[in-house]
Amino acid sequence: VQLVESGGGLVQAGGSLRLSCAASGRTISDHVMGWFRQAPGKEREFVAAISWSDFSQYYSDSVKGRFTISRDNVKNTAYLQMNSLKPEDTAVYYCAGDRFFGTSGGRSPHEYRYWGQGTLVTVSS
């Protein structure tokens, strides 16, 4: 599975962005999908994940209520809608995929085999 993110950019605090993760090579309809982010000098951290079976969604506490993960299996694409953005949301955002969640329920980057190259999100204050 190849993943390509898009939709990043520069936005003012309080604004919104929608990231897309387009998959190719095979369908992701039977894959769990996750979004992670990495700020300069920091480790990659979990943002959100979505299952393939019942579309259950999981979020980090830092984005809960502001971000929404979704998927369109017909378009073979996952999305991350980001609202009420804050300067601390500035990071490179990566999408990831695999067949099943691991022991952390998709919150660890080690549970995903497939990764995109990332898209930069910069939130100005």
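Let me begin by describing the structure that accompanies this report. (Residues numbered from 1 in each chain as written. Predicted model: local features only at pLDDT ≥ 70, side-chain atom pairs only at ≥ 80, totals over all residues. Heavy atoms only, no water.)

1. Re the sheet that holds strand β3 (residues 17–24)
In space, the four strands of this open sheet follow the order β1-β3-β8-β7, with antiparallel pairing throughout. Edge positions in the sheet fall to β1 (2–6) and β7 (67–72), since each has one partner strand and no second. Between one strand axis and the next, the sheet turns through 15° on average, direction left out of account. Sheet analysis places β3 next to strand β8 (residues 77–82), joined by six bridges and oriented antiparallel. Across the sheet, the residue bridging to L17 is M82, located in β8. (Pairing = 2+ DSSP bridges. Helix = DSSP H or I, 4+ residues; strand = E, 2+ residues; numbered from the N terminus. Axes fitted to C-alpha atoms, helices over the stretch in contact; angles between N-to-C directions.)

2. A short note on unusual backbone geometry
Glycine aside, residues mostly have negative phi, and peptide bonds are mostly found in the trans state. Unusually for a residue other than glycine, F55 sits at a positive phi of about 60°. Note on placement: F55 falls in the loop between β5 (45–50) and β6 (57–59). Using a relative accessible area of 35% as the deciding quantity, one classes F55 as partly exposed. Unusually for a residue other than glycine, N76 sits at a positive phi of about 55°. Following the sequence through the fold, N76 ends up in the loop between β7 and β8. On the basis of relative accessibility, which here comes to 13%, the residue N76 falls in the buried class. (Buried < 20%, exposed > 50% of the residue type's maximum accessible area, 1.4 Å probe, protein only.)

3. Comments concerning the side chain of H31
Its location among the elements puts H31 in the loop between β3 and β4 (32–38). With near-sequence residues (within four places) excluded, H31 lies in contact with V1, R26, W52, R71, D98, R99 and Y114. (Contact = heavy atoms within 4.5 Å.)

4. Considerations on the pattern of salt bridges
Summed over all chains, the structure comprises six salt bridges. Between D89 and R37 there is a salt bridge; the shortest N-O distance is 2.9 Å. In this pair, D89 is assigned in the loop between β8 and β9 (91–98) and R37 in strand β4, connecting sequence segments 52 residues apart. The class for D89 is buried, based on a relative accessible area of 1%. (Salt bridge = Lys/Arg side-chain N within 4 Å of Asp/Glu carboxyl O.)

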